[in-house]
Amino acid sequence: MKFSFSKIGIICLALLIASVSAIAVAQTQYPNLGQKELVIKRGFTKEALSCIECHAKKMPGVMEGWKSSRMSHAGVSCYDCHVVAKNSPMASQCEGVKGSNTYISPMVSSKTCSRCHPQEVEQFLKSGHAKLASAAVMDPKKGGGKLIKLQFHYEGAAFMDKKSYKWNEGTPKGATGMDRAPRSSGCQMCHGTTVELGPDNKPINETWPGGVGTRYPDGSIGTCTVCHERHTFSKADARKPEACGACHLGPDHPNIEIFMESKHGQQFLTAGDEWEFDSPPDAWEPGDYTAPTCAVCHMSGIGELATTHNVQERLKWDLMHTKSVVRSGDRGDGVKGEQNMKKVCANCHGPSHIKSQRDTLDYSVALYNKYWDGAAKMKADLKAKGLLGKDPWKDGFQELMYYLWHHTGRRARQGAAMNAPDYAHWHGFFQMFQVYQDMEAIYNYRIKNKKIEDLSTVMSSAPY
Ligand code: HEC
Ligand code: HEC
Ligand code: HEC
Ligand code: HEC
Ligand code: HEC
Ligand code: HEC
Ligand code: HEC
Ligand code: HEC
């Protein structure tokens with residue numbers, strides 16, 4: 001071997017000098033370099049290891065998920081998320097820690113995550129996914145408890161048993177498991193509710209686990225695992241449309257169906273397997289994918305927009321309630337929202353294309369609002385003449401009016417917003433027009449005969 005040691009030494013020295021001077025250059029060019037401190041600690045404490053070791057035997061499924069998560073590699077374990085203070089309202093003890101000074105809880109809210117992800121949690125808490133989501137199904141002030149009555153009385157066993165509870169409370173006192181079933185199997189699994197606790201601080205009355213806006217006994221709000229499934233907590237998974245489709249589907253908000261029908265969904269279905277879903281935050285850009293998923297348009301960093309956990313930030317209209325208005329107050333800022341959404345499109349579409357899409361959305365909203373105003377006028381007239389049934393769920397006119405905005409009207413508006421012609425038209429505007437005609441017929445009948453028709457004219461499952 002001719003290669004002498006001293007030669008290698010000289011090369012090493014040269015490299016050392018080169019890299020030292022490179023750092024010096026970098027520091028003058030980037031004065032902030034060095035301000036970010038990254039302290040990486042490896043290994044688990046003895047206490048943390050005990051949870052892992054025993055649960056590996058007792059709950060191998062949980063362990064598999066956690067092991068494949070990024071956080072497990074960064075040293076975040078069961079202990080960090082599930083151990084709570086002794087005086088926490090959620091403190092209990094599992095078999096493994098009984099009698100010790102360690103207290104745990106199966107409930108983990110956004111507050112726990114905020115210790116290490118404060119920014120994501122702060123944005124999330126401002127969004128419709130937090131407080132507003134559970135208020136929709138449990139706030140007695142919302143519609144004077146109308147929705148609570150729907151969930152417990154009409155859909156629950158109280159209806160069959162002709163029992164009556166006081167409806168202006170979150171969960172009516174004395175309600176049975178059968179009364180709660182429609183709510184615990186449905187509404188609250190998407191929206192969330194207030195977790196009720198038994199004497200051992202464990203959840204009772206089927207109030208946990210719950211949906212995105214779950215309200216925890218310590219006053220914290222929000223379940224991050226609706227999008228970041230436990231215990232893998234992957235951001236790649238949350239970027240896929242399936243993460244949203246668990247709740248955003250069905251006749252009243254068919255967002256996943258709308259997406260799959262759109263050209264964007266078509267590209268996801270045909271080429272999505274080859275897309276890169278695991279790029280770092282704010283560096284997941286067109287090229288990693290060729291068409292947007294839900295996350296790209298509503299949450300992810302793209303172009304000059306930064307990643308956000310506040311899904312309101314890119315919305316102009318409120319497309320879920322009776323009359324569509326430009327968003328304001330706790331529903332966001334519609335003027336800014338429109339600008340932001342246009343910035344998303346501009347990464348892949350030219351100005352003519354974007355203008356056409358935005359105009360189509362605005363005119364679709366205007367048309368829907370025209371229908372709604374017409375319906376509201378008829379309703380006011382019937383009410384003034386004493387021709388409106390007291391119980392909206394037994395009154396044909398009011399039942400149809402519900403379908404007008406909640407099913408057909410949402411499909412028309414949201415189909416138009418997210419580029420799905422079949423939902424905008426056949427499930428949307430076409431059915432809206434039919435429902436409206438039926439409402440007119442009932443209206444005319446009542447005005448002419450000065451009475452409410454004897455039987456409900458609405459089939460319970462229609463118009464789907
Ligand atoms: C990054 C935080 C985090 C880590 C780490 C973590 N969990 Fe969880 N865990 C959660 C969250 C969030 C939930 C859902 C809680 C909720 O809905 O209120 C949960 C739920 C649970 C539940 C109740 C749900 C069920 O299916 O019964 C168990 C049991 C559980 N975790 C065990 C573990 C074990 C064992 C470990 C360690 C291997 C672990 N967790 C690590 C956050 C974490
Ligand atoms: C020696 C075994 C063992 C050890 C150590 C242990 N656990 Fe458990 N854990 C269990 C078993 C068994 C269960 C299910 C029965 C029960 O809840 O007692 C359980 C249940 C749980 C639950 C679910 C409770 C519920 O109500 O659904 C959580 C969360 C949990 N453990 C977290 C932890 C944490 C965090 C640690 C470490 C501080 C830990 N465990 C240590 C055996 C253990
Ligand atoms: C003790 C600190 C700590 C807590 C508590 C914590 N995390 Fe993390 N989390 C981290 C660290 C550190 C990383 C970065 C790991 C990496 O990329 O190497 C991370 C990464 C993540 C990621 C990105 C994973 C990916 O695929 O890149 C998600 C999502 C996440 N955490 C969600 C949560 C949620 C939800 C909770 C609450 C249930 C939570 N975290 C609680 C420290 C924490
Ligand atoms: C666990 C169910 C659930 C999942 C999963 C979910 N959402 Fe939602 N989302 C809801 C509920 C419930 C509402 C209605 C909130 C309310 O009552 O104001 C909502 C509202 C929204 C809104 C309107 C927000 C507002 O303030 O009016 C947007 C946009 C949205 N979601 C997007 C998404 C996207 C994108 C995903 C996936 C990355 C997703 N959601 C995942 C349940 C969910
Ligand atoms: C499959 C999940 C799911 C179920 C089940 C569900 N919702 Fe929703 N709900 C949503 C989503 C998603 C939205 C947002 C719709 C949109 O943006 O158009 C929503 C919107 C709402 C809204 C309008 C938002 C607001 O804050 O005013 C109300 C009210 C509502 N739901 C009440 C209920 C009630 C009551 C039940 C049960 C009788 C229920 N939901 C069942 C997912 C669900
Ligand atoms: C509506 C779905 C949804 C919910 C709910 C949600 N996330 Fe995320 N999260 C995402 C998406 C999508 C990404 C990927 C964003 C991107 O493209 O960079 C993400 C990324 C992350 C990351 C990686 C770093 C980053 O900011 O991009 C962390 C950490 C994280 N989320 C924590 C949380 C915590 C903590 C909560 C609960 C407050 C939460 N998430 C709730 C959808 C969600
Ligand atoms: C090409 C971008 C794009 C994609 C992809 C996309 N959306 Fe949207 N979404 C929009 C636009 C644009 C609006 C209307 C915004 C406005 O009001 O200006 C909207 C509106 C919504 C709303 C209505 C909020 C309300 O007011 O009721 C929800 C909910 C929603 N999207 C969820 C989803 C879900 C879930 C997916 C995936 C299954 C998805 N979106 C995919 C662009 C997109
Ligand atoms: C990551 C790139 C990307 C983004 C961001 C994006 N699109 Fe697209 N869009 C595409 C691709 C690719 C197609 C499919 C073209 C084809 O297959 O013919 C498409 C097709 C469409 C179509 C069907 C009509 C046509 O051109 O064939 C509409 C409508 C549309 N996009 C609207 C929007 C709107 C509105 C936004 C913003 C809210 C948006 N897109 C954001 C990539 C994108």
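Residues numbered from 1 in each chain as written. Chains lettered and ligands numbered in written order. Predicted model: local features only at pLDDT ≥ 70, side-chain atom pairs only at ≥ 80, totals over all residues.

*Asks:* What should I look at first to understand the overall build of the protein chain in this one?
*Replies:* Counting its regular elements, the protein chain contains 20 helices and four strands. With 464 residues in all, the protein chain has 31% of them scored as buried. (Helix = DSSP H or I, 4+ residues; strand = E, 2+ residues; numbered from the N terminus. Buried ≥ 20, exposed ≤ 12 C-beta atoms within 10 Å, placed from the backbone.)

*Asks:* What should I look at first to understand the site of ligand 2 in this one?
*Replies:* In the vicinity of ligand 2 lie 18 residues, with Cys51, Cys54, Cys94, Glu95 and Gly96 positioned nearest. By residue number, the principal contributor to the shell around ligand 2 is helix α2 (residues 46-58), which donates six residues. In the shell around ligand 2, the residues fall into nine nonpolar, five polar and four charged. (Near = placed C-beta within 6 Å. Nonpolar A, V, L, I, M, F, W, Y, C, P; charged D, E, K, R; others polar.)

*Asks:* Even after reading the chapter, I still don't get the site of ligand 6, so can you show me in this structure?
*Replies:* The environment of ligand 6 is made up of 24 residues, and the closest members are Cys113, Cys224, Cys227, Pro281 and Ser300. Put simply, the parts of the chain that give the shell around ligand 6 at least two residues each are α6 (110-114), α7 (118-126) and α12 (235-238). Counting residues per element, the shell around ligand 6 draws most heavily on α7, at three residues.

*Asks:* Can you help me understand the nonpolar core in this one?
*Replies:* One broad rule of soluble globular proteins: the nonpolar side chains tend to lie buried together. If you look at the biggest cluster of nonpolar residues, it comprises 51 residues, and the most contacted ones within it are Ala375, Leu400, Leu404 and Met439. When residues of this core are assigned to their parent elements, the largest contribution, nine residues, is made by helix α19 (residues 396-417). Excluding its chain neighbours within four sequence positions, the residues that come into contact with Leu400 are Val435, Asp438, Met439 and Val458. Core analysis: the second largest hydrophobic core is formed by eight residues, Val137, Met138, Ile148 and Ala158 among them. (Core = buried A, V, L, I, M, F, W, Y, C linked by C-beta atoms within 7 Å. Contact = placed C-beta atoms within 7 Å.)

*Asks:* How should unusual backbone geometry be read in this particular structure?
*Replies:* Leaving glycine out, the prevailing phi sign among residues is negative, and the prevailing peptide bond configuration is trans. A cis amide bond links Trp208 with the next residue in sequence, Pro209, at an omega value of 0 degrees. Of note, Pro209 is situated in the loop between β4 (203-204) and α12. Here the residue pair Arg230 and His231 is connected by a cis peptide bond, since its omega of -5 degrees sits within 30 degrees of zero. By the secondary structure assignment, His231 is in the loop between β4 and α12. Backbone geometry places Glu206, a non-glycine residue, at a positive phi of 50 degrees. Looking at the element boundaries, Glu206 is found in the loop between β4 and α12. For Glu206, a count of 17 C-beta atoms within 10 Å gives the class partly exposed. Phi is positive for Lys450, which is not a glycine, with a value near 55 degrees. Along the polypeptide, Lys450 turns up in the segment after α20 (421-449).

*Asks:* Where do I start with the packing of helix α8 (residues 131-138) against helix α11 (residues 177-191) in this structure?
*Replies:* Think of two packed helices as two axes; the pair is described by the angle between the axes and how far apart they sit. Two numbers describe how α8 lies on α11: the axes approach to 8 Å, and their chain directions differ by 155 degrees. Taken together, α8 and α11 sit at an angle that is classed as roughly antiparallel. Contacts between α8 and α11 pair Ala133, Ser134, Ala136 and Val137 from the former with Cys187, Gln188 and His191 from the latter. Of the residues belonging to the contact of α8 with α11, the class tally is four nonpolar, three polar and no charged. (Axes fitted to C-alpha atoms, helices over the stretch in contact; angles between N-to-C directions. Parallel < 35°, antiparallel > 145°, perpendicular 65-115°, else oblique.)

*Asks:* Just to check I follow, could you spell out the confidence of the model for the protein chain for this structure?
*Replies:* Interpretation of the predicted coordinates at a detailed level should be avoided for regions scoring low in pLDDT. When pLDDT is averaged along the protein chain, the result is 90, and 89% of the positions lie at 70 or above. This model gives residues 1-28 a pLDDT under 50, and the stretch forms three contacts once residues within four places in sequence are excluded. (pLDDT = per-residue confidence, 0-100.)

*Asks:* Even after reading the chapter, I still don't get the environment of Val212, so can you show me in this structure?
*Replies:* Structurally, the position occupied by Val212 is in the loop between β4 and α12. Under the C-beta neighbour-count criterion, Val212 is labelled buried, with 25 such atoms within 10 Å. Considered as a pair, Val212 and Ser134 are 78 residues apart in the sequence and their alpha carbons are 7.9 Å apart. The residues touching Val212, leaving out its near neighbours within four places in the chain, are His129, Ala133, Gly192, Gly222, Thr223 and Val226.

*Asks:* Mind showing me how you'd approach the environment of Ser105 here?
*Replies:* Among the structural elements, Ser105 can be located in the loop between β2 (103-104) and α6. With 24 C-beta atoms packed within 10 Å, Ser105 lands in the buried category. Separated by 96 residues in sequence, Ser105 and Asn201 place their C-alpha atoms 8.6 Å apart. Setting aside residues up to four positions removed in sequence, Ser105 forms contacts with His82, Val84, Ser88, Met90, Ala91 and Ser92.

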